[in-house]
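Read off the chains here:
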Amino acid sequence: MDKYNPKEIEKKWQDFWAKNPDNFSAKDESGQEKAFILDMFPYPSGTGLHVGHVEGYTASDIYSRYKRMNGKNVLHPIGWDAFGLPAENYAIKTGVHPKITTQEAVETFTHQMNAMGFSYDWSREVNSSLPEYYKWTQWLFLLFYKNGLAYKKKAKVNWCPKCQTVLANEQAENGKCERCESEVIQKDLEQWFFKITDFVEDNGETSGLLSGLEKIDWPNSTKSLQKNWIGKSEGAQFKMSIVIASEAKQSRDVEINTEIATSLSAPRNDMYIEVYTTRIDTVFGMTYAVVAPEHSVIKEQRSMIKNIEEIDAYVEDSKKKTDLDRMEAKVKTGVEIKGMKVINPFNGEALPLFVADYVLSQYGTGAVMAVPAHDERDFEFAKKYDLPIKEVIMPIFGEPHEGAVKRETVSPLIQRKSDGKFLFLKMKGELNGVITTIIGGIEEGESIESAAVRETLEETGYETKFIGKLGEKLESHFYAPHKKEWRERIDQSVVLELINENEIQEISNKEKDLQEIIWLTENESYKKLIYESDIIRMNRFLGKETAHTDDGRVINSREYSNLTSAEAREKLTAWLEEKKIGQRKINYKLRDWLVSRQRYWGAPIPIIYCEKCGEVAVPEKDLPVVLPDDVDFKPTGESPLKYSKKFQEVRCPKCGGEAKRESDTMDTFVCSSWYYLRYSDPKNEKEFASKEKLEKWLPVDLYVGGAEHSVLHLLYARFFTKVLHNLGYLNFDEPFLKLRHQGTILAEDGTKMSKSKGNVVNPDDVVAQFGADALRIFEMFMGPLEDAKPWQTKGIVGVSRFLERVYEHFKRNKKGLGDSWDEWCDFEKWKNNPEKGDTSIEIKTILNKTIKGVSGDIENLKFNTAISKLMILFNTIYKAETNKQFPRDIRLESSLSTFITIDDYKKIIIILSPFAPHLAEELWEKLGNSESIFLQKWPAYDPELIKDEEIELIVQINGKVRDKIVVSADISEEEAKKLATESEKVKIHIAEKEIKKVIFVKGRLISIVI
RNA sequence: GGGCGAGUGGCGGAAUUGGUAUACGCACGACACUUAAAAUGUCGCUCCGUUCGCGGAUUGAGGGUUCGAGUCCCUCCUUGCCCACCA
């Protein structure tokens, strides 16, 4: 037997698995418990598989093999997300048909996947670009259409001038095309949409896209990305009447204007704008209002607008701007609409109205109330145009508020008796004749300007009050109890500064005076609740010149003053509803999904336009609408399908008259939104999948794929599942119960791998050099599955050496010194060796521990630690056997003490097998087995054997490790204490001191406090 | 600007979820085998000190809770990813 030769071994077993596909196929008929383990199906690109693919696929492969060996009926399929722009763009450049490039890429991918030893069930392979697949994509489109969930609408859409197609909002990142980076422009076009917004909230029995997140095991980051994308916000929408500017001036009186405002409910006044806000509690701070350039008020009230030319010019100007321009504009721009004012219905104030493109037309009502004191954008705008800023929210200090962090104890210095009202202020100056620093509190409700700090000095009996502003000399006053009045003190000068907790600590170390003063006022109370975030909030409130946007207590708001923000929102909204001026309103950032594309390489939308009958669905019997082959790909702004006569010209299915086909195709995300369902029944010609098989295999138990799909694919797939659940086709409403992302594999220097940098690692090269088993193990060993990890070319030799050693060790464990494998491996002798008896206890223990550990690690997808445990197992055995060096026969003799029975040896090979399937099959065969190792049962561990009889008890003194003593594992506390105190090392440290306390943690440590 | 993570040796990373920090691997060093090198094997490898027994420090910095903190709490710093005028 020769050296470990992965090339030979791997080829051999890949051929074997290809000839025995049943080993890995999912059994429709089996009564065993199912496990659906799914990889995100790849886009078969011309560049082939990259190391990132290999990472995710290896993880799911290990998991699948493990589950099969644990008696699960595993469905582990693969397929191709084969439609898409790159193939079409390549066709435009070279004239090679996408069908051909895609087919070639699929072959390359298939070849590479087999070369990695992935145990897919190839009998269930799907390809979204084949008619037998997209027939059902079209069928699903029609299902949506018939249920009012697919509709056509003229819409302002993101248009990529380079790709010559419409993009979904999700694909127009930062105003740039996701694929080609060109700037996206806005176009008005007839487009198809899916009503994804109908499924944000629960819909009958079907959980919504939001609430459904709560019941699935997904990474939190992915859940929160989806939540943010949906962007739910709860607020109020209300009408503000528009009045002629000159009239508004006369009616300052609140009563009158409130009447005008409330009279909006009457039909005689339809002059109003409607605004949406989540901060109705700040409504009394409104000092102007803003509409988006696209807002209808500009078109409808032209006669009222005095500066209409100026407004038109501004609107024209912002129309020209792309979304990118608008976003990148550092300074907000806008123009006042002269000649009209809007009335704040709450106080009747007439306020100026602006048009500005910092307001988005697509969100809410396209109009907002502006509260510069409490909104950063409004603040910025108000500063620029010199508009008034009116504060109506006061932060709350020293009181529980949203986001407050409760802390039960604080250091003595800032434990002050002041009824929970804290503001950390440092007063530095002369106090009672001594230069000193004190830390003071502020009464709730007092603003910093009126009463800065109150301090009671108990030794004088006088309460002292300092009045002034931060950074300035304060006036100090004292309260004379006998006169019951405040008097000014002139003998002290104190400067007030804001400080944070760290500084308080520093002061405590440096200034003893301070401590004394504080202690004088302090000694009754050591424990107090304070709120850490107060310091930050206070800094923000006092420090920067900026809007402060936190909730707080409402001020300057008539009868609503003194309410908290939350209370005020409730009451103000109720008032709006009562007066019929407005109502509660929930808005979402998520908009309906634009699914039509003016492209060739996608599934045609199965709709026919007839002059008589209008829009007609293609009848089910006519599906699929096949994509024609003879098409000119050159983009024109319209779908290439428009120019295929054969495709275009069609009879109306209703009236038989002349008609035309819809020439748009579907977004590829439509194809990938349901492919996981198809795996359950991939050959079905009558249904997208039979109900019975869907119920057998779905939902997906584990889904592994890149985090870049956190929003698009994963949201759309959930939407599809919810629709199908809602319509009674599925008995589950979340498709993927457990989701894990593989982390990005970075280049060696920690940057992203990219073709342009030339630092892409090609898995083929690694396989050629080290073998697939080595690459699999290496990628799993690099670190946690979900972390981003840099590639380390040198690191792979470590796992390669490990595999070599496994192979070498296998050889060495055999009897005989001949050269041929048969002579090396006298298994009969090994099996029945009467002198050897059982596996040595040390090896048995570590083997059982490893079985337990590796099993647990695979369950938790912690492959890096699983591999390290396997390495430890082999190192232990190997080391024990090689503790004597050459000559070889002595070494073999020495292995007597580490003898392993053939049954235990089998267990070792089995637990290695999911990681290194080729090597494991090879060794398994060499052990004389004819059946594949992957048909074997995963070994169970013996719980008796993993218990340690003796442990190393750690002895700590005052938290420091001072000794380690070997004791029996179930040692009692008394015994442990006795043994510990008898230890010489411990005696030295205890010396004469008294033992105050002993903490005993069974089986682990004993901690002595002196 | 907002959201979510992460900071542990020269490097990738481990740590039973509050109980021996640095497992496993890479790189590095010494030795063995060799004419030599590679390969392989054995030993060493956080830092500082050391009389070679051991002592001290250490998980981005500072503070807190605890008998005990990489792990929990607070502040600050650095960094990654995603979102970004959504009222």
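Remember, it's a predicted structure, so these values are computed and weren't measured experimentally. Within each chain, residues carry numbers counting from 1 in the order of the written sequence. All chains are assigned letters beginning at A, and all ligands numbers beginning at 1, according to the order in which they are written. Local features in a predicted model are, by the rule used here, given only for residues with pLDDT of at least 70; side-chain atom pairs are given and counted only at 80 or more, and totals for whole chains, interfaces and linings are based on all residues. To get the side-chain values, all heavy atoms of the structure are used, and hydrogens and water are removed first.

Peer 1: Pulling in residues and values, what's your account of the overall build of chain A?
Peer 2: Labels follow the DSSP assignment, with helices taken as runs of H or I lasting at least four residues and strands as runs of E lasting at least two, numbered in each case from the N terminus. Of regular secondary structure, chain A possesses 33 helices and 41 strands. Contacts spanning at least 24 positions in sequence make up 72% of the contacts within chain A whose residues lie at least 6 apart. Here the open area of atoms and residues is found with the Shrake-Rupley method and a 1.4 Å probe, where only the protein chains shown may cover a residue. Per element, the accessible surface of chain A, about 47,000 Å² overall, is 49% carbon and sulfur. When checking whether two residues touch, look at their non-hydrogen atoms; a contact exists if any pair is within 4.5 Å.

Peer 1: If you had to explain the sheet that holds strand E30 (residues 614-617) to someone new, which residues and values would you point to?
Peer 2: Read across the sheet, four strands follow the order E30-E29-E32-E31 without closing on themselves; strand pairing throughout is antiparallel. The sheet terminates laterally at E30 and strand E31 (649-651), the two strands that pair on one side only. Here the average twist between neighbouring strands, direction ignored, is 40°. For two strands to be treated as a pair, DSSP must find no fewer than two bridges joining them. Here an axis means a line fitted to C-alpha atoms, over the contact stretch when the element is a helix, while the angle between two N-to-C directions is reported on a 0 to 180 degree scale.

Peer 1: Which residues make up the sheet that holds strand E2 (residues 73-75), and what values do they have?
Peer 2: Spatial ordering of the open sheet is given by E2-E1-E34-E35, a layout of four strands whose pairing is parallel. Pairing within the sheet leaves two strands with one partner each, and these edge strands are E2 and strand E35 (739-742). Put simply, the sheet's adjacent strands are angled 20° from each other on average, direction ignored. By the bridge criterion, four bridges tie strand E34 (residues 702-706) to E35 in an arrangement that is parallel. Paired with Tyr703 across the two strands is Leu739, which belongs to E35.

Peer 1: Lay out the pairing of strand E14 (residues 350-356) in plain terms, naming residues and giving numbers.
Peer 2: Relative accessibility under 20% of the residue-type maximum defines a buried residue, over 50% an exposed one, and the middle range a partly exposed one, all with a 1.4 Å probe and only protein chains included. The element E14 is largely enclosed, with a buried count of six among its seven residues. Two strands pair when backbone bridges link them, and strand E12 (residues 288-291) and E14 are joined in this way by three bridges, in the parallel orientation. The partner of Ala289 across the bridge, within E14, is Leu353. Two elements, strand E13 (residues 334-343) and E14, share six bridges in a ladder whose sense is antiparallel. Its bridge partner lying in E14, Lys341 is registered against Pro352. The hairpin turn running from E13 into E14, its antiparallel successor, is six residues long, and Gly348 in that turn takes a positive phi close to 75°.

Peer 1: Explain helix H21 (residues 712-726) residue by residue, including any values.
Peer 2: With 15 residues, H21 extends 21 Å from end C-alpha to end C-alpha; this agrees with the ideal 21 Å at 1.5 Å per step. Among the 15 residues in H21, 14 count as buried, and that is most of the element. Trailing H21 by a residue or two, Gly728 shows a phi angle of about 90°, which is positive. Take the number of residues in a helix, subtract one, and multiply by 1.5 Å to get its expected span.

Peer 1: Please give an account of the packing of aromatic side chains that cites residues and values.
Peer 2: Each Phe, Tyr or Trp ring, with Trp reduced to its six-membered ring, pairs with another whose centre is within 6.5 Å; inter-plane angles below 30 degrees give stacked pairs, above 60 give edge-to-face pairs, and intermediate values give tilted ones. Taken as a whole, this structure holds 54 aromatic pairs when the rule is applied. For the pair Tyr288 and Phe381, a centre-to-centre distance of 5.6 Å together with 25° between the ring planes defines the contact as stacked. Here Tyr288, found in strand E12, pairs with Phe381, found in helix H12 (residues 376-385); they are 93 residues apart in sequence, far enough to count as distant. Considering the side-chain rings of Phe719 and Phe720, the 6.1 Å spacing of their centres and the 85° angle between planes classify their relative orientation as edge-to-face. Since its relative accessible area comes to 0%, Phe719 is described here as buried. For Phe720, a relative accessible area of 1% puts it in the buried group. Joined through ring pairs, the aromatic side chains of Phe141, Phe144, Tyr145, Trp192, Phe194, Phe199, Trp593, Phe669, Tyr716, Phe719 and Phe720 make up one cluster. Over the aromatic face of Tyr151 sits the side chain of Lys195, whose NZ or CZ is 5.9 Å from the ring centroid. When the ring centre of Phe647 is taken as origin, the NZ or CZ atom of Arg661, which lies over that ring, is 5.5 Å away. Distance and angle both matter: a charge sits over a ring if NZ of Lys or CZ of Arg is within 6 Å of the ring centre and within 35 degrees of the ring normal.

Peer 1: Could you give an account of the pattern of salt bridges, naming the residues involved and the relevant values?
Peer 2: In the sections that follow, a salt bridge refers to a side-chain nitrogen of Lys or Arg positioned within 4 Å of a carboxyl oxygen of Asp or Glu. Inspection of the entire model under this criterion finds 36 salt bridges. Note that Arg124 is salt-bridged to Asp28, the shortest N-O span being 3.0 Å. Taken together, the residues span a long stretch of sequence, with Arg124 in the loop between helix H4 (98-115) and strand E4 (126-127) and Asp28 in the loop between helix H1 (6-19) and strand E1 (34-39) at a distance of 96 residues. Exposure remark for Arg124: the relative accessible area of 5% places this residue in the buried category.

Peer 1: Please set out the packing of helix H2 (residues 51-69) against helix H23 (residues 772-781) residue by residue, giving values where relevant.
Peer 2: The description of two packed helices rests on the angle between their axes and on the distance between the axes. Following both chains from N to C, one finds H2 and H23 inclined at 95°, their axes separated by 9 Å at the closest point. For the element pair H2 / H23, the angle class is roughly perpendicular. On H23, the residues that touch Val51, Val54, Glu55, Thr58, Ala59, Asp61, Ile62 and Arg65 of H2 are Leu775, Arg776, Glu779 and Met780. Charged means Asp, Glu, Lys or Arg here, nonpolar means Ala, Val, Leu, Ile, Met, Phe, Trp, Tyr, Cys or Pro, and polar covers whatever is left, Gly included. Of the residues belonging to the contact of H2 with H23, the class tally is six nonpolar, one polar and five charged. Convention used here: angles under 35 degrees read as roughly parallel, angles over 145 as roughly antiparallel, angles from 65 to 115 as roughly perpendicular, and any remaining angle as oblique.

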